[in-house]
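Here is how the chains run, residue by residue.
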Amino acid sequence: GAMEAVLGQVEQLPALLAVSRSALVRDWDPLTLDRALDWAQYFQHLHHRFRTRPRLREAVGRQLRRGRLGFAYLGRCPQLLALALLENRALPPAACRRLLHRLLQPPPRPGDPPPRPGELLPLLARRKAAARLLPPPPRGQAEAQLLLRRLREEEEEEGGEAAGLLARALEQFPQARAFEVAAEALLLLVKQEGSSPGGIQAAGDGDVAGLLLSWLLENTERFSALCLHLPGSLLASLAGHYSRLSRSYLDLLTSWGSQLLYDPLQGGWVKGDKAELSWEELRERFSCLCQGSALLKGQTRAALKLLKARDGDFEVRGLSVWTDLLMEVEEHLKKE
């Protein structure tokens, strides 16, 4: 019975966080604000209590996943709630003053236990103040940063389900937006962690880059839609850092190139019934790849030469799309 009551309370967490970001807070008074923060601290207490008890943790996590949240949200609830309220212009002045008072209350007296790092809520107030002075990051970058932070936290949690969290998080966006956030997250990982000359392999699924790549690559239709949506320059940048993605991207371009037909009346390559890209678009994609790193440029030219050889190794235009593409790319490189 007690556990059922706890699960019923935990079920309210998604609603609490959603309300804190909505216009409904315009009706909050200081007492309502206090109750909301008290609930957030109670949820954090549940996190500390259940994190080392696998069966209880799983039951609570299962309840949270129904609301598209993870167990780690319990531990971060005070921070998430406070930040959402600080950024919500609908919060009335009296409730806002009460919030700031709670965040900026004096440090603990001697003898009081030191606050845990995750409970340093005054940092949120300083972060909000700084945010008003500094220009905000681009929307896609901010969303990608948040996604990476949540994935890392979920990986650090014992029994965390980072792959499930990633899928749920990206499904909340329209597909085109999800592609942009995932791509931005992969580029941020390059900036944060660096890349070897051979690129980030990300062969396994146990790391954040691997999780993102798996989400993009394991569904053929999703990866095809991604490559149709994102510009060639961005895809070339990703391919230059992630060899796993570059192989799949070259295979996809090969498939799309084979769908083009030569029209002697127009004197050029045209789209067939099932073609995804025009000749001009395909040429632009290969040109972007050849403008990348030396390794990516070499891989792309080698792939085109192999395709040209398999198609008859013609040296005359109009007989093989790969011959014509290789000639176009080589001519473009000579002009640079």
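The name recorded for the protein chain in an unreviewed UniProt entry is Fanconi anemia group F protein, from Ceuthmochares aereus. Quoted straight from UniProt, the Function (unreviewed entry) entry for the protein chain says "DNA repair protein that may operate in a postreplication repair or a cell cycle checkpoint function. May be implicated in interstrand DNA cross-link repair and in the maintenance of normal chromosome stability." Looking at the Subcellular location (unreviewed entry) heading of the UniProt record, one finds this comment for the protein chain: "Nucleus".

A. View of helix H12 (residues 208-217). Across the ten residues of H12, ten count as buried, placing the element largely inside the fold. Those residues of H12 that sit buried are Val208, Ala209, Gly210, Leu211, Leu212, Leu213, Ser214, Trp215, Leu216 and Leu217.

B. Molecular detail of unusual backbone geometry. For aspartate 313, which is not glycine, the phi dihedral falls at a positive 55°. With respect to the helices and strands, aspartate 313 occurs in the loop between helix H17 (294-310) and helix H18 (321-335).

C. Highlighting the pattern of salt bridges. For the coordinates displayed, the defined rule picks out twelve salt bridges. A salt bridge links arginine 301 to glutamate 330; its shortest N-O distance comes to 3.0 Å. Taken together, the residues arginine 301 in helix H17 and glutamate 330 in helix H18 connect sequence positions 29 residues apart. Here arginine 301 falls in the partly exposed class, since its relative accessible area comes to 25%. One salt bridge connects arginine 317 with glutamate 328, and the closest N-O pair in it is separated by 3.5 Å. One end of the pair, arginine 317, is in the loop between H17 and H18; the other, glutamate 328, is in helix H18, with eleven residues separating them in the sequence. Of the residues examined, glutamate 328 reaches a relative accessible area of 22% and is grouped as partly exposed.

D. Spatial organisation of the side chain of arginine 102. Residue placement: arginine 102 occurs in helix H7 (residues 93-103). Among the polar contacts made by the side chain of arginine 102, one reaches the side chain of aspartate 38 at a distance of 3.3 Å. Every residue in contact with arginine 102, bar those within four places of it in the chain, is listed here: Asp34, Leu37, Asp38 and Gln41.

E. Looking closely at the packing of helix H6 (residues 77-86) against H7. Taken N-terminus to C-terminus, the directions of H6 and H7 make an angle of 140°; their axes are 11 Å apart at the nearest point. It follows from the interaxial angle that H6 and H7 lie oblique. Pair H6 / H7 crosses with left-handed handedness. Every residue of H7 that contacts H6 at Ala82, Leu85 and Leu86 is listed here: Leu99, Leu100 and Leu103.

F. The arrangement of the state of the cysteines in detail. If you walk through the whole model with that rule in mind, you get zero disulfides. Free of any disulfide, cysteine 288 has its nearest cysteine sulfur in cysteine 290, 9.6 Å distant.

G. Layout of the pairing of strand E2 (residues 268-271). One ladder, built from four bridges, connects strand E1 (residues 260-263) with E2; its direction is antiparallel. Considered in E2, the bridge of leucine 261 is made with valine 270. Counted along the chain from E1 to the antiparallel partner E2, the turn is four residues long, and its residue glycine 267 has a positive phi close to 70°.

Rules behind the numbers
Residues numbered from 1 in each chain as written. Predicted model: local features only at pLDDT ≥ 70, side-chain atom pairs only at ≥ 80, totals over all residues. Heavy atoms only, no water. UniProt positions renumbered as here; feature names shortened; annotations may be inferred. Buried < 20%, exposed > 50% of the residue type's maximum accessible area, 1.4 Å probe, protein only. Helix = DSSP H or I, 4+ residues; strand = E, 2+ residues; numbered from the N terminus. Salt bridge = Lys/Arg side-chain N within 4 Å of Asp/Glu carboxyl O. Polar contact = N/O pair within 3.5 Å; in protein donor to acceptor, adjacent residues only side chain to side chain. Contact = heavy atoms within 4.5 Å. Axes fitted to C-alpha atoms, helices over the stretch in contact; angles between N-to-C directions. Parallel < 35°, antiparallel > 145°, perpendicular 65-115°, else oblique. Left-handed = near helix turned anticlockwise from the far one by under 90°. Disulfide = S-S within 2.5 Å. Pairing = 2+ DSSP bridges.

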